[in-house]
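Chain by chain, the residues:
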Amino acid sequence: MKKKFFLLAGFLLIGTFTRAQHQEIFFDVIYKDDKVGVLYAKETKAESKFFKLLTTETNTTFLFIPVRMESEVTTTQENGILIEGTAYRDASRKSNDVVASVSKIGFDRYQRERNGVKDIIGNQRITYCVIDLYFKEPLGVTHVFSNMHAQMLILKGMDNGQYQLVAPDNNNSLYSYRNGQLVSIEVDTPVGKVISKRR
């Protein structure tokens, strides 16, 4: 009886530990009051490393023209430092397509490539990325690294748990938190505001 109890307790602890290593979040993407897609975020912890994945898929119409977009961002962080990351965006408007990557090549140096253009980021240790905004409130953070843009972006703290991410393409985003948890993202786009709401 005692052996069975310890086996059961062991399985419960293992199950709890395993569940604690993964976090999944779903958001409904809304445009003009209609659900047009899904945003999915996943964080996995393995020893000192964190693996994060962010995917978005949307389909809608604008002036009777189909507008489709899908994107994916991945990062690997070790001991709080970005080791590598990738990003791609495939849109029906091909001018917005992106393929980007960044890899740590030294203590404070990274090799980055965006749409075929390669260069080096120097004197920088990347500790906070845009993808991290989905898993924790950025208290005290003023700059975040965008894998999609392959550069640092300014993050402005607003009132009531809101933060504005300033993008170089003017598609600024407003991240809203409640009790430290991300509940919505509002993005300015060329076709209007797109809102992602946590399920």
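The coordinates are above.
Attention in this report is confined to the structure presented alongside it. Predicted, not measured: the structure shown is a model, and the values here were computed from it. All residue numbers refer to positions counted from 1 along the written sequence of the respective chain. Side-chain atom pairs in this predicted model are given and counted only at pLDDT of 80 or more, local residue features only at pLDDT of at least 70, and totals for whole chains, interfaces and linings cover all residues. Side-chain descriptors were evaluated using all non-hydrogen atoms of the structure, hydrogens and water having been removed beforehand.

This next bit is on the pairing of strand β13 (residues 181–189). For two strands to count as paired, DSSP must find a minimum of two bridges between them. For helices the rule is a DSSP run of H or I covering at least 4 residues; for strands it is a run of E covering at least 2, with both sets numbered from the N terminus onward. For strand β12 (residues 173–178) and β13, the ladder comprises 6 bridges, and the chain directions are antiparallel. Counterpart to Ser176 in the pairing with β13 is Ser184. Linkage of β12 to β13, two consecutive antiparallel strands, is achieved through a turn of 2 residues, within which Asn179 is found at a positive phi near 55°. In terms of strand pairing, β13 meets strand β14 (residues 192–198) through 6 bridges, oriented antiparallel.

On to the side chain of Ser176. As for its placement among the helices and strands, Ser176 is situated in strand β12. In protein, a polar contact means a hydrogen-donor-capable atom and an acceptor-capable atom, both N or O and within 3.5 Å, with residues adjacent in sequence counting only if both atoms are side-chain atoms; elsewhere, any N or O pair within 3.5 Å suffices. At a separation of 3.0 Å, a polar atom in the side chain of Ser176 contacts the side chain of Gln162. The contact definition used throughout considers only heavy atoms, calling two residues in contact when any of these lie within 4.5 Å. Apart from the residues lying within four places of it in its own chain, the contact partners of Ser176 are Gly161, Gln162, Gln181, Leu182, Val183 and Ser184.

A few words on unusual backbone geometry. Notably, Asn123 is not glycine yet its phi reads approximately 55°, a positive angle. With respect to the helices and strands, the residue Asn123 is situated in the loop between β8 (117–121) and β9 (143–146). Only protein chains enter the accessibility calculation, which uses a 1.4 Å probe; a residue is then buried when its area is under 20% of its type maximum, exposed when over 50%, and partly exposed in between. Since its relative accessible area comes to 70%, Asn123 is described here as exposed. Phi is positive for Ala150, which is not a glycine, with a value near 60°. Looking at where Ala150 falls in the secondary structure, it is placed in the loop between β9 and β10 (151–157). The exposure class assigned to Ala150 is buried, which follows from its relative accessible area of 4%.

By themselves these figures say nothing about function.
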